[in-house]
Amino acid sequence: MKNIAVIGAGTMGNGIAHVFAQQNFQVFLIDISQEAIDKGLATITKNLDRLIEKEKITLTIKNQTLKNITTFTSISEGVKNCDLVVEAATENIDLKLKIFKQLDEAAPKNAILASNTSSISITKIAAVTKRPEKVIGMHFMNPVPIMKLVEIINGYNTSKEVTESIMKLSESLQKVPVAVNDYPGFVANRILMPMLNEAIETLYNGVAGVYEIDTVMKLGMAHPMGPLQLADFIGLDVCLSILNVLYDGFKNPKYAPCPLLVNMVQAGKLGIKSGEGFYDYSQSKKAEVISNQFK
């Protein structure tokens with residue numbers, strides 16, 4: 001596989017495009033919004049400059065990485081010559097099913113179709129295509145250029161050959177792939193999201209404040225980020241969406257989203273992306289100032 005199409009130029013999409021391009025794959029970055037593409041390319045450039053400052057790459061590698069990326073605002077044009085498509089659109093089941101129907105029609109018949117979904121069933125996504133054996137999950141972690149893990153999700157019909165090729169491909173990106181099976185939340189979010197939800201419940205029930213909860217988990221459990229800080233970083237809307245997938249999939253009340261999380265999302269307090277969540281990011285992107293709501 002040499003030609004890689006990436007659907008979506010947002011946080012995950014531009015990160016995925018970055019890592020493939022830096023390893024000299026030809027990348028077709030696709031988004032219906034030219035503004036999103038421009039923003040995505042600017043982010044890639046900024047991240048490459050940061051790597052140069054840390055002396056991890058050279059200017060030559062930066063220039064070649066950017067040269068390896070071609071952009072499109074049309075899915076059909078962007079995927080027509082690809083060997084692999086990695087979909088990294090918004091975590092919305094209806095949108096993903098629509099995109100995969102388009103990909104199945106437009107991409108070469110031998111192309112593998114992958115989704116970066118963090119919770120939605122690969123089997124369900126594959127069912128809208130005529131190539132379910134070639135549909136797989138590639139769940140990269142955020143920030144993609146830094147995080148080593150790629151959660152490889154086998155759908156019910158994913159072939160062993162496709163899984164093996166995607167595992168090897170992920171290793172060529174200097175990532176560590178881990179194969180898992182297709183159940184709600186897979187492994188990463190099945191374990192992570194209930195923990196974040198419990199931290200929000202702990203705050204909601206008045207057991208402790210934002211600073212106290214995050215400090216206990218950072219210093220007591222050696223977590224690099226506190227759970228409330230991490231929820232802000234992921235996006236509270238994304239956390240809510242994943243919890244709803246878990247709750248709908250398992251029908252188990254332990255996955256039910258905390259009412260505080262639901263209210264915050266409805267109020268537009270989504271974390272870093274909106275400027276406020278459990279912390280106030282109006283002056284800094286770092287979780288240093290607790291939101292007035294929780295002081």
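Whatever comes next refers back to the structure up there.
Residues numbered from 1 in each chain as written. Predicted model: local features only at pLDDT ≥ 70, side-chain atom pairs only at ≥ 80, totals over all residues. Heavy atoms only, no water.

## Describing the overall build of the protein
On a plain count of helices and strands, the protein comes out with 12 helices and 10 strands. In terms of overall dimensions, the protein is globule-like: its C-alpha atoms have a radius of gyration of 19 Å, near the 19 Å expected for 295 residues. Considered along the principal axes of its C-alpha atoms, the protein spans approximately 55 × 45 × 30 Å. In the protein, which comprises 295 residues, the proportion classed as buried is 47%. Of all intrachain contacts in the protein linking residues separated by at least 6 positions in sequence, the fraction that spans at least 24 positions is 65%. (Helix = DSSP H or I, 4+ residues; strand = E, 2+ residues; numbered from the N terminus. Rg over C-alpha atoms; globule rule 2.2 N^0.38 Å. Buried < 20%, exposed > 50% of the residue type's maximum accessible area, 1.4 Å probe, protein only. Contact = heavy atoms within 4.5 Å.)

## Notes on the nonpolar core
For soluble globular proteins, nonpolar side chains are generally found buried alongside one another. I16, F20, L84, V86, M138, F140 and I166 are the most contacted members of the largest nonpolar core, which totals 33 residues. Considering every element that reaches this core, the biggest residue donor is helix α1 (residues 11-22), with six residues. Residues within four places of I166 in sequence aside, it is in contact with M1, L84, I112, I136, M138 and I152. By size, the runner-up hydrophobic cluster in this structure holds 27 residues, among which are L230, C239, V265 and F278. (Core = buried A, V, L, I, M, F, W, Y, C linked by side-chain atoms within 4.5 Å.)

## Describing the pattern of salt bridges
Summed over all chains, the structure comprises seven salt bridges. Close ionic contact of K96 with E87 constitutes a salt bridge, the shortest N to O distance being 2.4 Å. Both residues of the pair, K96 and E87, belong to the buried class. Ionic pairing is found between K96 and E91, a salt bridge with its closest N-O pair at 3.7 Å. Taking relative accessible area as the criterion, K96 reaches 0% and is therefore assigned buried. (Salt bridge = Lys/Arg side-chain N within 4 Å of Asp/Glu carboxyl O.)

## A short note on the state of the cysteines
This model, assessed by the stated rule, comprises zero disulfides. C258 forms no disulfide, and the closest cysteine sulfur to it belongs to C239, at a distance of 12 Å. (Disulfide = S-S within 2.5 Å.)

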